[in-house]
Amino acid sequence: MRFASAHRSRTSPDTFQGKLPEETVVIKKPKVRGGVLLKADAAFAETPKIEPVPAPAQVIIPLLHHDGTPAVPCVSPGDLVACGQCIGNAAHESAAPVHASVSGTITAIVPYPYVVRRDAMSVIIENNGKDEFASPIPYDKPVKECKADDLVNRIALSGIIDANGSAVPLYQKLAAAVRRPADLLIVNALITEPYANARSALIHERAEEIITGATICMTITGATRCRIAVSEKQPEIHKVFSSLINAREAGEITLAPMKPRYPFHHEQLLVRAFTGAELRGAGSSLDAGCLVIGCEALAALRDAVMELMPCYVSVVAVGGPAAGSPKTFRARIGTPVRTLLEACATDFTVLRKVVAGGPLSGSAIQDLNMPVLKTTSAIVALDSASLFTKSRPCMKCRRCQDACPVRLEPARLVSAVQAGDYAAANVCRITECLECGCCSYVCPSRINLVHWLQYGKVMVKRANGNTTHKVQAIA
Amino acid sequence: MNGQAGLTITALPHLHSGVSVARIMYTVLIALAPAAVLAAFVSGPRVGIIMALSMSTAAAAEWIILCIIQRRFCGIDGSALVTGALLALVLPPHVPLWMAPLGALFGIALVKAASGGLGRNFLNPALAAKAFLVLAYPAMFAAVAGNTGQPEQLTWNSLLYFCIAHQDTWLGAASPAALVAGAVFLMYLRVIDRVLPLAYIGSAILLFWATGESSTLFTQQAAIAVCFQLCSGGVLIVALFMATDPVTSPALRTSRLFYGMACGVLTVLFSMFGAQGHAVMYAVLVMSCMVPLLNRWCAPGQRGHTKDDY
C-alpha cells in the first residue's frame, strides 16, 4: 500500500535497507500475496534487550490461555505454592496445564477478565518473595534416552501454548504430527507488526535455543526439512540465524527470507506461502505436510525438554505512542498489564487504548489489571491519535479486496451482514475470514470492517446450527 | 465503547494506513490538472470559467444536499469536485456557460444523491450529466459532433503534435499526452485500476484497426489513423478516468477485464452506427448498467476460488 503512513516514527535510524548476508542458504522464496506491507520505520527497527520486570506482589493466572477448555484447578485458597508448581491440570484433550509464576499463597480462585469482555477462572497468588522453584516435570531419564512420546509428555506437562494466528497447546500440535507425519517444519520468526518486536529481542538472545527446539521438534515428528521464515528486511536476524545454521548439515535447516507483509505470520498463510496449499475451514497444516511453530514456543520447548522448565514467563514488548520508553520484558504470567506500563514510564493521562498483542492483530483490553497471558507478546499503549474516527459511506474502492490475504470481498460481506443476509455472507465465504484486520487498515472510509465480519461470523455459525463459538484468545 | 479507566475498546486493527476518501479525490484532481491546463492553453480562459462553474456548483449542491436534506453531513470529501471537473472536461469548449452548472446539478442531485450518495450511484454522475445535456439540448452539441479537429495530413509528426495539444470537441481531450500522464500517475498510486483501461483501449484499437479501409490495413497509414481515432474525441478521458470509476465498475479483476473489452466493442459499434461523437459516453453508460450482473457472475464465492482467480 503506497499510502501507508500509519505510525509516527520516534527516531529514524534507517537500518532497514540492508542486504542479505551472502552465505545464507536460500532454497526457494516463499510466495507472498495479499496482506499489507506496513511502513518500515523505527517502531520495527528497535531491538531492545530483554529486561526482567520485578515479580509483582500479586499475580492473577487464568486457567485458560488459548482457544479450548480451561484447566481444572488442583489447588485451593490458602495453599502454599512454589514457582513453577502446577495449579491447573489439563483434564481435557484441548486443555493445557497452568503453573504458578511466583511462590506464595493462593488467596482466591475467582472468575477474572482475561480477554476483552470475557472472564476465566483465575488463580490469584500472593507473592511471598522467596521465589522457591519446583518443576512440574518429573525427571525420569536423560534426554538422549527419551523417545518421542516421552518428549511430547514433557512438553504437555510444561503447558506451552503456540500462537500463530490462533493459540493452540504445543503438545497437541506435536502429538498430531506424530500420528500424521509432517515433512516440513516451518519456524515462524517473522516480525510483521510495529511495536510487537519481542520476537527480535528473543532471537538475538536465544537463537541457539530456538534452533535446538526446532531440532527436537524434527526428532519428535520425523520432519526432514526445517525452514525458518524470517523477514527479508531484517538482516541482523539473518546474521544471527545463519551463523548458527551453517555449522549444521546443509539443507536440513535453512533460512527462508520472505516479504514481511502483514499478516503472513498466520499459520494458514505461511503454509500457503511455502507449499502453495490452500487451507480452508477446518483444514490443518498437517494436511499440507507442514508443522508451523513460533520461535517463542520453540525456545520454551527446548527449556521444557532439556531443563524441565514449565511455561511461566512470556517475553513481552511494551511500546506505542503513549509509552514513554519502549522496553522488552521477560514478564511472569499473571503480571497485571499496569505493572508493565508503569515500568515503561507510560503517560496514563494520554492513554486511550491498550492493546494486548500487536497493534493490528491484538485485541484492546478494558482493564489495566488484566494479566499477561502465555500468548501475550506485546502491549501497545495508544493515545487519542490512534483512535478510529467516524466512518464514512463505502466508496467501493476495493482496497479491502486487494488487501485481503484470503481473497474475500470484505466490503460485500459487510454490506450483507449489515443487511442481515447471513446466507449471502455464508456463500461469499465469510467463515474463511482470518480477522487479520487488513481490510480495516486500508479502508479510506475508515469503516471498521472487522467488527462487522466478527459479528457476521457468529451469526452465520448460529444460522448453520453450530452454536459453539470459540473464544479467540489474544495473540 | 469505554471500559474501566476510560480505555476504548474496538475491534482490531488499532492502526490505520492513513489513506482517506478526501486524499484519493484530491489525488484524482491533481492527475486531471495537466489536462485542464492544456485545454485552457488551447481553447482559452473560457475553459477555466467552465471548470470553476462546474466544480463550484457540484460542491455546493453536494454540501446543501448532505447538510440540509439528508442530515448526515460527514465532511466534504472532494468527490463532488472530481465530478464537477470531469463534467467540465467532457463538455465541448464552446458550450454556453449555464450548461456546466446545470449538468453538475443534475449529476450530483439526481444521479448521485438520489441513489444514496457516494458509492451508491450506478451511473457515473459526470457522464450521466453529459448524456442528459446531450439529450435535452441536442442543438448545442450538433454543431461540433462531426468535427474532431484532425489535421489534413496524417503523419507520425502531426500525430505527435496532436497528442500534445489540439482543439477537440471534448475539452479534456485537448491533450491526450496529459491524460495518459495523469492516468499513469493514478495507476502508480493504485488509485485507479490498470486492467480495465488497458482492456478498453486495447479492444478499441483492435476494432478501429479492423474496421478501417481493408486495402491499407497493413500499412503505416492505418496505424496512424487508428492512433488519431484513439486520441481524438473522448475515448481516452472516458477510458482512463470515467470507466475506471470504482463505484460504477465491477469488483473483480476478471469482470473488469470483460467490462473494459465490452466498453471498447460498444464504443466502436456505436461510433459506426449512430451516436457519432458520443459513442464512448453511451458505451460506458450501457456497461455501467451491467455491473451488478457482472459482479454476480464473477463472485469468487460462487465460483469457488482457485489460485489464478486473484
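Use the structure listed above.
Residues numbered from 1 in each chain as written. Chains lettered and ligands numbered in written order. Predicted model: local features only at pLDDT ≥ 70, side-chain atom pairs only at ≥ 80, totals over all residues. Heavy atoms only, no water.

## Regarding the sheet that holds strand 6 (residues 98-99) of chain A
Residue and element names in this part refer to chain A. In space, the three strands of this open sheet follow the order 3-5-6, with antiparallel pairing throughout. Every other strand in the sheet has two partners, leaving strand 3 (72-73) and strand 6 as the edge strands with one partner each. Taken together, the two bridges between strand 5 (residues 86-89) and strand 6 define a ladder with antiparallel strand orientation. Along strand 6, the bridge assignment pairs glycine 88 with valine 98. (Pairing = 2+ DSSP bridges. Helix = DSSP H or I, 4+ residues; strand = E, 2+ residues; numbered from the N terminus.)

## Considering the packing of helix 2 (residues 148-158) of chain A against helix 3 (residues 170-179) of chain A
A pair of packed helices can be characterised by two numbers: the angle between their axes and the separation between those axes. Residue and element names in this part refer to chain A. Helix 3 packs onto helix 2 with a crossing angle of 160 degrees between their chain directions and a minimal axis gap of 8 Å. In terms of orientation, helix 2 lies roughly antiparallel with respect to helix 3. At the point where helix 2 passes helix 3, the crossing takes the left-handed sense. Together, Val152, Ile155 and Ala156 of helix 2 and Leu170, Tyr171, Leu174, Ala175 and Val178 of helix 3 make up the contact between the two elements. Tallied by class, residues from the contact of helix 2 with helix 3 come to eight nonpolar, no polar and no charged. (Axes fitted to C-alpha atoms, helices over the stretch in contact; angles between N-to-C directions. Parallel < 35°, antiparallel > 145°, perpendicular 65-115°, else oblique. Left-handed = near helix turned anticlockwise from the far one by under 90°. Contact = heavy atoms within 4.5 Å. Nonpolar A, V, L, I, M, F, W, Y, C, P; charged D, E, K, R; others polar.)

## Thoughts on the packing of aromatic side chains
Residues and elements named next belong to chain B. Tallying each qualifying case throughout the model produces six aromatic pairs over all chains. Consider the rings of phenylalanine 106 and phenylalanine 132, whose centres lie 4.1 Å apart with planes at 5 degrees: the pair is stacked. Within this pair, whereas phenylalanine 106 is found in helix 4 (residues 99-112), its partner phenylalanine 132 is found in helix 5 (residues 125-136), the two being separated by 26 residues in sequence. The partly exposed category is assigned to phenylalanine 106, whose relative accessible area is 22%. With a relative accessible area of 25%, phenylalanine 132 lands in the partly exposed category. (Phe/Tyr/Trp six-rings, centres within 6.5 Å; stacked < 30°, edge-to-face > 60°. Buried < 20%, exposed > 50% of the residue type's maximum accessible area, 1.4 Å probe, protein only.)

## Observations concerning the nonpolar core
With 81 residues, the main nonpolar core has B:Tyr200, B:Val238, B:Leu240, B:Phe241, B:Met242, B:Tyr259 and B:Val284 as its most contacted residues. Broken down by element, the residue count for this core peaks at 10 residues, all from helix 1 (residues 21-43) of chain B. Listed in part, the 55 residues of the second largest apolar core include A:Leu174, A:Ala198, A:Val240 and A:Ile293. (Core = buried A, V, L, I, M, F, W, Y, C linked by side-chain atoms within 4.5 Å.)

## Some remarks on the packing of helix 4 of chain B against helix 5 of chain B
All names here are of chain B. Relative to each other, helix 4 and helix 5 sit at 120 degrees, their axes nearing to 8 Å. If you check the angle between helix 4 and helix 5, you find them oblique. Handedness of the crossing formed by helix 4 with helix 5: right-handed. Taken together, the residues of helix 5 that come into contact with helix 4 (itself represented by Met99, Leu102, Gly103, Phe106, Gly107, Val111 and Lys112) are Pro125, Ala128, Ala129, Phe132 and Leu133. Of the residues in the contact of helix 4 with helix 5, the class split is nine nonpolar, two polar and one charged.

## Observations regarding the pattern of salt bridges
Under the defined criterion, the tally for this structure stands at 16 salt bridges over all chains. Put simply, A:Arg206 and A:Asp303 hold a salt bridge, and the shortest N to O gap is 2.8 Å. Here the residue A:Arg206 occupies a position in helix 4 (residues 198-221), and A:Asp303 occupies one in helix 7 (residues 295-307), the gap between them amounting to 97 residues. Taking the shortest distance from any N to any O, the salt bridge between B:Arg256 and B:Asp193 comes out at 3.0 Å. Placement of B:Arg256 in helix 12 (residues 253-272) and of B:Asp193 in the loop between helix 8 (176-188) and helix 9 (195-210) is noted, with a sequence separation of 63 residues between them. For the residue pair B:Arg256 and B:Asp193, the accessibility class agrees, reading buried in each case. Connected through shared salt-bridge partners, A:Arg206, A:Glu209, A:Arg302, A:Asp303 and A:Glu307 make up one network. (Salt bridge = Lys/Arg side-chain N within 4 Å of Asp/Glu carboxyl O.)

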